[in-house]
Amino acid sequence: MLDPEIPAISVTDLGIVREVVADEDCVAVVLTPTYVGCPATEVIRASIEQALRAAGATSVRITTRLDPPWTTDWIAPAARKRLREYGIAPPHALPLDEQPILFAQRRLPVECPLCRSDDTERLSQFGATACKALYRCRTCREPFEYFKPL
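Residues take numbers from 1 onward in each chain, read along the sequence in its written order. Local features are withheld for residues below a pLDDT of 70 in this predicted model, meaning they are given only at 70 or higher, and side-chain atom pairs are given and counted only at 80 or more; totals for whole chains, interfaces and linings count all residues. With hydrogens and water stripped out, all remaining heavy atoms of the structure feed into the side-chain values.

Caption draft 1: Looking closely at the nonpolar core. Remark: nonpolar core denotes a set of buried residues (Ala, Val, Leu, Ile, Met, Phe, Trp, Tyr, Cys) joined through side-chain atoms within 4.5 Å. The buried label goes to any residue with under 20% of its type's maximum accessible area, the exposed label to any with over 50%, and the partly exposed label to all in between, with areas taken from a 1.4 Å probe on protein chains only. Ranked by size, the top nonpolar core spans 23 residues in total, and within it Leu14, Val29, Leu31, Ile44, Ile48 and Phe147 carry the most contacts. When contributions to this core are tallied by element, the ones reaching two or more residues are helix H1 (11-14), strand S2 (27-31), helix H2 (41-54), strand S3 (60-64) and helix H3 (77-86). A run of H or I in DSSP becomes a helix once it reaches four residues, and a run of E becomes a strand once it reaches two; helices and strands are each numbered from the N terminus. If you tally residues by element for this core, the top one is S2, at three residues. A contact between two residues is defined here by any heavy atoms of the two lying within 4.5 Å. If we skip the residues at most four places from it in the chain, Phe147 touches Ile6, Leu14, Trp70, Thr72, Ile75, Leu83, Ile88, Ala89, Pro90, Pro91, Cys131 and Lys132.

In structure tokens form, the structure reads like this:
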């Protein structure tokens, strides 16, 4: 199932599907949303249930797990490439020894997904969704979104 806000990647590639257990009675899925208040969570939940029932599951149980919290490190490497191809700069990898809030404050250069220049500027802390920021490339002059690391 594709992510409703970023249809270039699946919810599995995004890393929010944490666990799937199936037996003859039920398919149980555990989700960890990207943000606690992510507006797409209910759409994702309903779409997963609908897809499983269409595939023949008679009983579906979907639960939300908030601990550990989702991190952009859970995005699959192939999905990072598809984000770039879609026009969204993928998040920087979070160093293992650094707190996300401190890492986000460092403001590392963000590479333009269109021309690959790192001569970019942030226009807004928030893009179309809370998990993305709005940037502009000074080289090709095109605006783009950056998936913020968490």
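Caption draft 2: Structural detail: the packing of aromatic side chains. Aromatic pairing here means that ring centres of Phe, Tyr or Trp (its six-membered ring) are within 6.5 Å. Orientation follows from the plane angle: under 30 degrees is stacked, over 60 is edge-to-face, and everything else is tilted. Summed over all chains, the structure comprises three aromatic pairs. Between Trp70 and Phe147, the ring centres sit 6.0 Å apart and the planes meet at 50°, which makes this aromatic pair tilted. Residue Trp70 is located in the loop between S3 and H3, and its partner Phe147 is located in strand S7 (residues 143-147); the two are separated by 77 residues in the primary sequence. We classify Trp70 as buried; its relative accessible area is 5%. Taking the relative accessible area as the measure of exposure, Phe147 reaches 1% and is therefore buried. A centroid spacing of 5.9 Å and a plane angle of 25° characterise the contact between Tyr135 and Phe144, whose relative ring orientation is stacked. Neither residue differs from the other here; Tyr135 and Phe144 are each classed as buried. Linked through ring pairs, Tyr135, Phe144 and Tyr146 together constitute an aromatic cluster. The rule for a charge over a ring is simple: NZ of Lys or CZ of Arg within 6 Å of the ring centre, and within 35 degrees of the ring normal. One cation-aromatic arrangement involves Arg18 over Trp74; the distance from NZ or CZ to the ring centre is 3.5 Å.

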